[in-house]
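Listed below, chain by chain, are the residues.
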Amino acid sequence: MAHRARCTDPSAVGSGEVVGKARVPGHGQVLQVGFSAEGVLQNISPGLSQLCSQGLCGLIKRPGDLSEVLSFHVDRVLGLCRSLPAVARRFYNPLLPYRYTDGGARPVIWWAPDVQHLGDPDNDQNSLALGWLQYQALLARGCSRPGQDPCLDIHHAEWARLALFDFLLQVHDRLDRYCCGFEPEPSDPCVEERLREKCRNPRELRLVHILVRSSDPSHLVFIDNAGNLQHPEHKLNFRLLEGISGFPESVVKVLASGCLQNMLLKSLQMDPVFWESQGGQQGLQQVLQTLERRGQILLGHIRTHNLTLFGDEGP
């Protein structure tokens, strides 16, 4: 039986002093940093790998990735609790390059030490290799008994949580990184990298960022959650919901309550750096209205297709 995950408290993320850093190969301005343990004074700091193994590391991302902080609060307010904690911080530490210490707000994502990655360097952003056709087959099968082909050890209800989260935020990189379900902009990576040409052959379509933690292998963990809140309503990617036959009742109740905006406002105020960087309630009003509207569209999709609702234990 699946357990209801407890959301990780983000307050400790990035709260200590930066005592180590390392580049993340192939990820541009993303910097992995280690933090000192809060309240611990040390003359000699442990190495970065040791800090990360203790859960004292984070990824400092670009200012343009601040929407990952909003995504984390969406995850927490809805009770999904699958995203790694994300906070906004300003850095002045001399260990960091100047661009990180110019006073601008940047997102810090907690580095979970036990996220599993495949050994294949071309597919290291997954815990398991999963194609679109296999994914649709396991959705159709139901997979109430994990481990049986085509099922996986991941609990079946996890896919509904992922699809709901990605639809609200219009994150397509996981389930539809080839942009098969909507008309992308010419500047989108799926167009620039000519990925969309593979939509003609579903056998070539792979899922990305399908990750689990070794401490909890039956539940997904969501990373790289920078959503597209400017995506127009007439271009919403419904392919993200394809094959999903039901959704968690507790999450649907939040969407149906009409309280999503107020719940997010209360939650986001707990991150004062993010709150100020976005212009407070007035600056956040439009994106929160967008999320509220997408929630109503999702409820309409559930009604139109007569989809089921399931409890915390899953279908």
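Here the structure is a predicted model, which is why all the values come from computation and not from measurement.

## Observations regarding the packing of helix 7 (residues 260-268) against helix 9 (residues 280-304)
Argument step 1. At a minimum axis separation of 9 Å, helix 7 and helix 9 run at an interaxial angle of 135°. Accordingly, the angle class assigned to the pair helix 7 and helix 9 is oblique. Note on packing geometry: the crossing formed by helix 7 with helix 9 is right-handed. Residue-level contacts link Leu260, Gln261, Leu264, Leu265 and Leu268 of helix 7 to Gln281, Leu284, Gln285, Leu288, Gln289, Leu291 and Glu292 of helix 9.
Argument step 2. Within the contact of helix 7 with helix 9, the residues separate by chemical class into seven nonpolar, four polar and one charged.

## Things to note about the pairing of strand 5 (residues 106-110)
Argument step 1. For strand 5, the tally of buried residues reaches five of five residues, placing the bulk of the element in the interior.
Argument step 2. Neither face of strand 5 is open: one carries Arg106, Val108 and Trp110, the other Pro107 and Ile109, and all of them are buried.
Argument step 3. As paired strands, strand 3 (residues 57-60) and strand 5 are joined by three bridges and run antiparallel to one another. Bridge assignment links Leu59 to a residue of strand 5, and that residue is Ile109.
Argument step 4. Both strand 4 (residues 86-89) and strand 5 contribute to a ladder of four bridges, which runs antiparallel. When the bridges of strand 5 are listed, Arg89 appears paired with Arg106.

About the thresholds
Residues numbered from 1 in each chain as written. Predicted model: local features only at pLDDT ≥ 70, side-chain atom pairs only at ≥ 80, totals over all residues. Heavy atoms only, no water. Axes fitted to C-alpha atoms, helices over the stretch in contact; angles between N-to-C directions. Helix = DSSP H or I, 4+ residues; strand = E, 2+ residues; numbered from the N terminus. Parallel < 35°, antiparallel > 145°, perpendicular 65-115°, else oblique. Left-handed = near helix turned anticlockwise from the far one by under 90°. Contact = heavy atoms within 4.5 Å. Nonpolar A, V, L, I, M, F, W, Y, C, P; charged D, E, K, R; others polar. Buried < 20%, exposed > 50% of the residue type's maximum accessible area, 1.4 Å probe, protein only. Pairing = 2+ DSSP bridges.

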